[in-house]
Amino acid sequence: MRGLQDGQYQSISSQTHPFQLFLCLIFDYIEMGYDIERNLWRSMAIVLLPKSKFTPTKVINMLILSPFCLGLSAYWGLLSIFIFKLAVNFFYENPYFNIMYSFFILGKTQKTEQKDTFVKDNFTKKEFYIPMRDGVKLFTAVYIPKDISNKNKYPFLMQRTCYSIAPYGENEYKTKVGPNTYLMKDKYIFVYQDVRGRYMSEGTFTNMTPQVERKTKKDVDESTDTYDTIEWLLKNIKDNNGKAGQFGTSYPGFYTAVGTLSQHPALVASSPQAPISDFWNDDFLHNGRFMLGYFRTFPVFGVQKTQPEKQAWYMDSFIKQTSEDGLKFYRDMGTLKDGYEKYYKNNFFMTEIMNHPNYDEFWQKRGLLPHLKNINHAVMTVGGWFDAEDLSGPLNIYKTIEKTSPKAKNTIVMGPFSHGGWSQEQGKHFHSETYFGDSIATYYQKNIETRFFNHYLKGNTKEDAGLPEALMYDTGAKEWKEFASYPPKNAQKVNFYLADKTLKKSSGQGYSEYYSDPNNPVLSSDHLKDFNGFTPKNYMSEDQRFAVGRPDVLTFTTDVLTDDITFAGEIIAKLNIASTSTDADFAVKLIDVYPEDFKPAEKKDGVIYGNYHQMVRSEIMPARFRNTKEKGEALVPNQKTAVNFRLQDVVHTFKKGHKIQIQISSTWFPLFAINPQKFMDNPNFANKEDYTKAFIKVYDDSSIEAEVLK
C-alpha cells in the first residue's frame, strides 16, 4: 500500500515546510545572481550590435566589463553548485529524506500546476460533516460543477481515504480531481471523505476495519459508512442524477472494495485499484512473514490522533536516515524484536502485528474476501504486475467477485505498473530498468477508466460497457492482451520439475542442497540506496544476477528456448524439502534470463542488458504454515515435507532465445524479516541467540506449476 497518497503530499506541502522555504530561498538567491549577470551581458551586447556605433568610450567599457562578466559567471556557477550540494547533503541527512523529497517535488509541482485553475474555474467546493448512523460525523469535501442545473445533472464520483482530503477550506482547491484528467474535464460531482479517526473526521481509526456480517441498526463498518454517505449526498446535493460511483488506489482501494458491500441502489460503478484484500498477504505480511521493507511506514498507520487534524500528526515518529547505504540501518537494527523495542513500542499497529504471528481471529476478521458476496453493480478492479505492495489484492478480489456475484459486471485490468503507476504517465514506461512501451498509463486512463465511469454513471447502467472481461498486459511480449475469462480457459497446467540445476518435464529421485545461515542472509537487492525507500518498489522486476552462485541459493535454469512460451494465470510452488532445523522460510523467484547479446528497444544508462536476469514473480512462504496458517507447526528435522504455496499470477511470454530460471533461498533480507530457523511460538520475538544454521534439501520431485497458454 502506498504509505502516503497524493492527498497526503498535498496536505503537508501546503504547510510551507521549513525545508521547502529554505530551498526556495536558495534558488531565489541563485536566480537573482543570474539576473544581475544577464543584465551585465546585455549591456555588453549593446556595444556589439550591428547598428551600434563604436566609440572610444564604448570600447573602454567593453574591455572593463568583459573580465568582470566572465568572473561573475564563474562565481555564480560555482556558488550554485556549492549551495545545491549543501542543500542535497542536508536533504540526505534529514530524518525524513524519503518523505520530504516527495513533499518537496510534489509541492513544487503543485505550485506550478496552480497556474491551471480548471478546478476552481469549473467547480464550487463545499465542505460538510456527514453524520453516520451511530452519530459519528465524517468530514467530506464536495466539488460541484458550476454548470449543474435541473437540466444538466451530474453523478457522484467518490473517494474515501485515510490519507487526507487536503487542502482543507472551501476556498482551497485541489489542482486535480477525479481518477484522471479526462474524467475531471467531463465533470462529475467529485466527493472526498476522511474515514473514521483520520484527519478532520470523528471516530477511532483501525486498520482494515472488520466487516460486520449481521448488523443491527447501530452496527457500523466501512460499508455502512459508504451507504450513509451516498444517502446523505443524494438528499443534500441538488441536481444530481441519482447515480454514484467510487474509486481509490491502495488503502482507498480497500475502502472502494469494501464499499461495494454497501448495497446502496444508487451505487452503480466501483473501481478498487491496488486494493488490499487481506493484510496476511498484502503490504505488511506475505503468507504471514513480516515485510521488513515496510518498517519505516508504521508512523502512518499506528499513531492515533487526539483532535481534528489538517496536517499529519505523526511526523515526529519517522526514523531518521543515517546513510545512503540503506542496508546498514537494517544490519545495525538487529532482530525484528530489537527494531520494535527501539522504534515502535508505542505504535499500536506494529504491536498488533508483533503479537499476532498466526492467522488468528485478529487477522481473520480483517480479511475482506469472505464478505465479497452478492455484489450487483459494475466493478473494475485494477492492479500492477510489479506492485510490491498490493498484488494479491486485485487478483483475489476479482476472482472472488467472479465466483460469488454473478450479477456483477466484473472486469480486471493488470498493467506493467508499480503501485498506482497507472495514475501518472511516464511517457516511455519503465519499471526499474526494464522498458515496457510508450504512453501505457494514458491508454488505460483514456480508453478504459474513462469509458468505464462515463458509461455506467452517465449512460445506460443496465447495458454492458463493452470492456474486456480481463485486460492483461503481457510483460514478456510487452503488449496488452484481452481474455474472455481469467485465468484463460485455454491455459493448461504444466509442472516444471526442479532437478539437476534445470527445469525438467518429469521428476527425479535425487535432491539439491544448500546451506542457510540467518546471520549471513541472502540480500533482496544489490541496490543499497533502495533500502532507504519508504516502501519497496524496484525489486519486483530487478536483475537477479547478484544472487546466482551463492551457496545459500539454488538455481534451476532451462536451456535456451526454441519457441515462445506464455505463462498466463496462477503459479504454484510445490516443494518437497527436508531441513536440519525445525523451521525455515522458502523464497522462490521466477526469472526471465535474456540472451547474452540482448539489445533493448529503450535502455537506462549503465545497465548491462545482455544476460539480464529479470524477475517476473516471487513469493516467500514460512514452512510453519504449510498445513494451516491458523497455527504454526514445527518441521521434523531431516524429514521430507511438502511445502506448497502460490507465487501470485503472471501473464508473461518467455521469448524464443531466452531462458526460464527458478531461484530458491531461505532468507531474503532486508525485504523480509529473518526466520530464526528455530521453531518458536512467536518468531517475531526471536533473539540473535535463536538463529540456527541449517542444511536444506529440495528434492527432485519438487516443481513449479504454471498455467501455460496452448
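In what follows, the structure referred to is the one given above.
What counts as what
- Residues numbered from 1 in each chain as written.
- Predicted model: local features only at pLDDT ≥ 70, side-chain atom pairs only at ≥ 80, totals over all residues.
- Heavy atoms only, no water.
- Helix = DSSP H or I, 4+ residues; strand = E, 2+ residues; numbered from the N terminus.
- Contact = heavy atoms within 4.5 Å.
- Areas by Shrake-Rupley, 256 points an atom, 1.4 Å probe, with all protein chains shown as cover.
- Axes fitted to C-alpha atoms, helices over the stretch in contact; angles between N-to-C directions.
- Parallel < 35°, antiparallel > 145°, perpendicular 65-115°, else oblique.
- Left-handed = near helix turned anticlockwise from the far one by under 90°.
- Nonpolar A, V, L, I, M, F, W, Y, C, P; charged D, E, K, R; others polar.
- Pairing = 2+ DSSP bridges.
- Phe/Tyr/Trp six-rings, centres within 6.5 Å; stacked < 30°, edge-to-face > 60°.
- Buried < 20%, exposed > 50% of the residue type's maximum accessible area, 1.4 Å probe, protein only.
- Lys NZ or Arg CZ within 6 Å of the ring centre and 35° of its normal.
- Expected span 1.5 Å × (residues − 1).
- Bend = angle between axes of the 7 residues up to and from the residue.
- Polar contact = N/O pair within 3.5 Å; in protein donor to acceptor, adjacent residues only side chain to side chain.
- Salt bridge = Lys/Arg side-chain N within 4 Å of Asp/Glu carboxyl O.
- Right-handed = clockwise from strand over helix to strand, strands pointing away.

Participant: For this particular structure, what's the right way to read the overall build of the chain?
Facilitator: Along the chain, the regular secondary structure elements total 15 helices and 26 strands. Considering only contacts in the chain between residues 6 or more positions apart, those separated by 24 or more positions represent 79%. Total accessible area computed for the chain in this model is approximately 29400 Å², and 52% of it derives from carbon and sulfur atoms.

Participant: I keep staring at the packing of helix H11 (residues 336-343) against helix H12 (residues 348-355) and nothing clicks. Help me out?
Facilitator: The packing of two helices is summarised by the inter-axis angle and the distance between the axes. Between H11 and H12, whose axes approach to 11 Å, the crossing angle comes to 155°. Taken together, the axes of H11 and H12 lie roughly antiparallel to each other. Crossing hand, H11 versus H12: left-handed. Together, Leu336, Lys337 and Tyr340 of H11 and Met350, Thr351 and Met354 of H12 make up the contact between the two elements. Classifying every residue of the contact of H11 with H12 by side-chain character gives four nonpolar, one polar and one charged.

Participant: Could you clarify how one ought to interpret the sheet that holds strand S1 (residues 123-131) in this entry?
Facilitator: Either a parallel or an antiparallel arrangement is found when strands of a sheet pair, and the pairing is made through backbone hydrogen bonds. Taken in spatial order, the ten strands make up an open sheet running S1-S2-S4-S3-S5-S6-S9-S10-S13-S14, and their pairing is mixed. Unpaired on one side and paired on the other, S1 and strand S14 (479-483) mark the two borders of the sheet. Neighbour to neighbour, the strand axes of the sheet diverge by 20° on average, direction disregarded. Of the pairings in the sheet, the one linking S1 to strand S2 (residues 137-145) comprises nine bridges and is antiparallel in character. Paired with Glu127 across the bridge in S2 is Ala141. Docked against the sheet, helix H7 (residues 222-236) engages S1, S2, strand S3 (154-161), strand S4 (189-194), strand S5 (240-249) and strand S6 (267-273), running at close to 145° with respect to S3. Those strands touched by helix H8 (residues 251-259) are S3, S5 and S6, and its axis lies near 135° from that of S5.

Participant: I keep staring at the packing of aromatic side chains and nothing clicks. Help me out?
Facilitator: One pair of aromatic rings is described through two measures. These are the centre distance and the angle between the planes. All told, the structure shown has 56 aromatic pairs when counted by the stated rule. Judged by centre distance (5.4 Å) and plane angle (70°), the rings of Trp280 and Phe625 are edge-to-face. Of this pair, Trp280 sits in the loop between S6 and strand S7 (285-286) while Phe625 is found in the loop between strand S21 (613-622) and strand S22 (641-646), placing the two residues 345 residues apart along the sequence. With respect to burial, Trp280 and Phe625 carry one shared label: buried. Judged by centre distance (5.1 Å) and plane angle (75°), the rings of Phe452 and Phe453 are edge-to-face. In this structure, Phe452 and Phe453 share a single accessibility class: buried. Positioned above the aromatic ring of Phe362, the side-chain terminus of Arg366 is 4.1 Å from the ring centre. One Lys or Arg, Lys458, reaches over the ring of Tyr188 and ends 4.2 Å from the middle of that ring.

Participant: Sorry, what's going on with the packing of H7 against H8 here?
Facilitator: The contact between H7 and H8 brings their axes to 8 Å, and the two run at 80°. The pairing of H7 with H8 is recorded here as roughly perpendicular in orientation. For the pair formed by H7 and H8, the contact residues are Glu222, Ser223 and Thr226 on the first element and Phe254, Tyr255, Val258 and Gly259 on the second. In terms of residue class, the contact of H7 with H8 is made up of three nonpolar, three polar and one charged.

Participant: What's the story with helix H15 (residues 440-458) in this structure? I'm lost.
Facilitator: Every α-helix carries 3.6 residues per turn, so stepping three or four residues along brings you back to the same face. Helix length check: H15 (19 residues) gives 25 Å between terminal C-alpha atoms against 27 Å at 1.5 Å per residue, within 8%. At Thr450, H15 is bent by approximately 35°, the largest bend along its length.

Participant: Just to check I follow, could you spell out the pairing of S3 for this structure?
Facilitator: Strand residues, when the strand is regular, have side chains that alternate between the two faces of the sheet. Of all eight residues that make up S3, eight are buried, and the element is covered over most of its length. Where S3 meets S4, six bridges bridge the pair, whose relative direction is parallel. Paired with Arg160 across the bridge in S4 is Gln193.

Participant: How should unusual backbone geometry be read in this particular structure?
Facilitator: Each neighbour pair has its own omega, and for Tyr486 with Pro487 the value is -5°, a cis peptide bond. Mapped onto the elements, Pro487 comes out in the loop between S14 and strand S15 (491-499). With an omega of 5°, the peptide bond running from Phe669 to Pro670 counts as cis. For Pro670, the position within the fold is in the loop between strand S24 (659-665) and strand S25 (694-699). If you check the backbone angles, Ser164 has positive phi at about 85° while not being a glycine. Mapped onto the elements, Ser164 comes out in the loop between S3 and helix H6 (181-186). Assessed through its relative accessible area of 4%, Ser164 is described here as buried. Its identity is not glycine, yet Lys501 carries a phi of approximately 65°, on the positive side. Take Lys501: its relative accessible area is 66%, and that puts it in the exposed class.

Participant: What exactly am I supposed to notice about H7 here?
Facilitator: Counted at 1.5 Å a residue, the expected span for H7 with its 15 residues is 21 Å, and the 21 Å between its end C-alpha atoms agrees. Turning to H7, its buried residues are Glu222, Ser223, Thr224, Asp225, Thr226, Asp228, Thr229, Ile230, Trp232 and Leu233.

Participant: Before we go on, may I ask you to explain the environment of Asn532 in this structure?
Facilitator: Structurally, the position occupied by Asn532 is in the loop between strand S17 (511-516) and strand S18 (554-557). On the accessibility criterion, Asn532 (4% relative accessible area) is buried. Put simply, Asn532 and Asp325 are 207 residues apart on the chain and 7.6 Å apart in space, counted from C-alpha to C-alpha. A polar side-chain atom of Asn532 sits 2.9 Å from the main-chain carbonyl oxygen of Ser323.

Participant: I would appreciate a short explanation of the side chain of Glu127 in the present structure.
Facilitator: If you trace the backbone, Glu127 turns up in strand S1. Here the side chain of Glu127 touches Gly169 through a polar contact of 2.6 Å, landing on its backbone nitrogen.

Participant: Would you mind showing me how to read the pattern of salt bridges here?
Facilitator: Should their charged atoms come close, side chains of opposite charge can pair. All told, the structure shown has 28 salt bridges when counted by the stated rule. With a shortest N-O distance of 3.5 Å, Glu127 and Lys125 are connected by a salt bridge. For Lys125, a relative accessible area of 2% corresponds to the buried category. Between Lys399 and Asp649 there is a salt bridge, with its nearest N and O atoms 2.8 Å apart. With a gap of 250 residues between them, Lys399 in helix H14 (residues 392-404) and Asp649 in the loop between S22 and strand S23 (650-654) connect regions that are remote in the sequence. Grouping residues by exposure puts Lys399 and Asp649 together as buried. Taken together, the shared-partner salt bridges connect Asp134, Arg160, Arg196, Glu222 and Asp225 into one network.

Participant: Honestly, the sheet that holds S21 in this entry has me stumped. Any pointers?
Facilitator: One open sheet accounts for four strands, arranged S18-S24-S20-S21; its pairing is antiparallel. Two strands lie at the open edges of the sheet, namely S18 and S21, each paired on one side alone. The average angle at which neighbouring strand axes cross in this sheet is 15°, direction not considered.

Participant: Please explain the pairing of S6 as it appears in this structure.
Facilitator: Among the seven residues in S6, seven count as buried, and that is most of the element. Where S5 and S6 come together, six bridges link them in parallel fashion. Of the residues in S6, the one forming a bridge with Phe247 is Ser271. A crossover connection joins S5 to the parallel S6 through H8; in handedness this β-α-β unit is right-handed. The sheet contact formed by S6 and strand S9 (residues 378-384) spans three bridges and is parallel. Each residue of the ladder has a partner; that of Ser270, found in S9, is Val379.

What is shown is where atoms sit, not what they do.
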